[in-house]
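Here is how the chains run, residue by residue.
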Amino acid sequence: MTHPFSPRRLLAWTAPVTLALTALAPAFPAQAAAKPAPAPTVSGGPVDKDLNGDGVPDLVAAGGPGTGLGSGVWSALGVKSRKTGVGTGKVQTPATNIGQAGTGTGTVGSPTEFDGAQVITGRFWGLDRQDFLYYTPGGVNPGGGGVIAGAGDGTMQNPYQGGASQATIAREQLLDPNGNSPLELANAFGADGNDNGMPDLIGRYGDPVHGYNLGYLPNLGAPGMVIFNTTLTNRTPAGDTDWQNWSITGTELASGTALFLRNAGTGDLYLWTGVSLVDNGDGTGSLTYTQHQVAANWNTGVAISTLWAADINADGTPDLWTVLADGTYRAYLISGLSTSGTATVTATRSQRLV
């Protein structure tokens, strides 16, 4: 079927990113044959997930019903070790609700606009600070979302103040060829090898009729201007296409994009490092990566409201924070990655986030 979002339809939009639209056509030049993308490069700027520029990743969690947190977006700055100067896995509590002003896509402005939303961070404005991308499966702008500029101190700008503070992502931008909105989004950074200073996204998609898959959404050069472009043929770490059973979260290392993959039902936790996109030029493609099994029977059946990836202790290996439905958090520091066995996972003590 014809994708409902085309370069021609872009010209009719009046979203905050309209200024970039005249440069989009043609958005996707044809490619003669499948070929690997250039090796991804890590852009300059702060450490991934570092909201206040102190060199240590920070934790962000969306609140609302079922999260153990009040409505809004909760920010908790990472705690440094006095001895080593790197992150310990602990965060400063109580966390701060930085989403009091809402998403910028409503009419009033309320933290309840984030209820049911997913929030991820990245340099979505292309500057040297972390911004906030929210995706709302339901509620205000269902199936869409937006980008709110970060203030550089662990907070976000008021999305209703106008100017370069908020950019709306329309539902049509995120739809796959079958008309499905994403089940989940993750930061893909520059996995396609085309670094325009603004990160791409990877999504989980599908329905019982058409099946489930990953999809790649490149950024077209403006805040919030991402669009579904490539249906990915990768199988899950279990060797099937049951992507509805997995959750994903990404971070950026010196080696490029890394993705954690978790199956809540089985407790399987995997890590893909060196993630790169291979575009077939026909609307399909695949990811190349090195796969590591991090753990088996990890938080099996546990409801995790936020799964947050970052290199917490600056050892070059991605780690995880979890926020549970009771509002508690803990860090999982990972070492000893292998392609033939499980890694070493060291959990910190569970603590209240707020």
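The structure displayed is predicted, hence computed values, not measured ones.

The rules behind these values
Residues numbered from 1 in each chain as written. Predicted model: local features only at pLDDT ≥ 70, side-chain atom pairs only at ≥ 80, totals over all residues. Heavy atoms only, no water. Pairing = 2+ DSSP bridges. Helix = DSSP H or I, 4+ residues; strand = E, 2+ residues; numbered from the N terminus. Axes fitted to C-alpha atoms, helices over the stretch in contact; angles between N-to-C directions. Salt bridge = Lys/Arg side-chain N within 4 Å of Asp/Glu carboxyl O. Buried < 20%, exposed > 50% of the residue type's maximum accessible area, 1.4 Å probe, protein only.

Caption draft 1: Seen up close, the sheet that holds strand 7 (residues 118–122). One open sheet accounts for 4 strands, arranged 7-8-9-10; its pairing is antiparallel. Only two strands of the sheet have a single partner each, and these edge strands are strand 7 and strand 10 (166–169). Neighbour-to-neighbour, the strand axes of the sheet open up by a mean angle of 20°, direction not taken into account. Alignment of strand 7 against strand 8 (residues 131–136), held across 5 bridges, turns out to be antiparallel. Residue pairing across strands places valine 119 opposite tyrosine 134, the latter belonging to strand 8.

Caption draft 2: How the structure looks around the pattern of salt bridges. Across all of its chains, the model carries 3 salt bridges by this definition. The salt bridge involving arginine 129 is made with aspartate 131; its shortest N-O contact spans 3.3 Å. Each member of the pair, arginine 129 together with aspartate 131, is buried. For arginine 204, the salt bridge goes to glutamate 184, with nearest N and O atoms at 2.8 Å. Of this pair, arginine 204 sits in strand 12 (residues 200–207) while glutamate 184 is found in strand 11 (residues 184–189), placing the two residues 20 residues apart along the sequence. Per residue, the accessibility class of arginine 204 equals that of glutamate 184, and both read buried.

Caption draft 3: Inspection of unusual backbone geometry at higher detail. The residue after threonine 93, namely proline 94, is reached through a cis peptide bond having omega 0°. Relative to the helices and strands, proline 94 is located in the loop between strand 5 (87–91) and strand 6 (96–97). A positive phi is found at asparagine 297, a non-glycine position, where the angle reads about 55°. By the element assignment, asparagine 297 lies in the loop between strand 18 (284–295) and strand 19 (304–310). Taking the relative accessible area as the measure of exposure, asparagine 297 reaches 57% and is therefore exposed.

Caption draft 4: Spotlight on the sheet that holds strand 3 (residues 69–76). Taken together, 3 strands build an open sheet; the order of strands is 2-3-6 and the sheet is antiparallel. One side of each edge strand has no neighbouring strand; the edge strands of this open sheet are strand 2 (59–64) and strand 6. Relative to strand 3, strand 2 is paired through 5 bridges, and the arrangement is antiparallel. Within strand 3, the residue paired with valine 60 across the bridge is serine 75.

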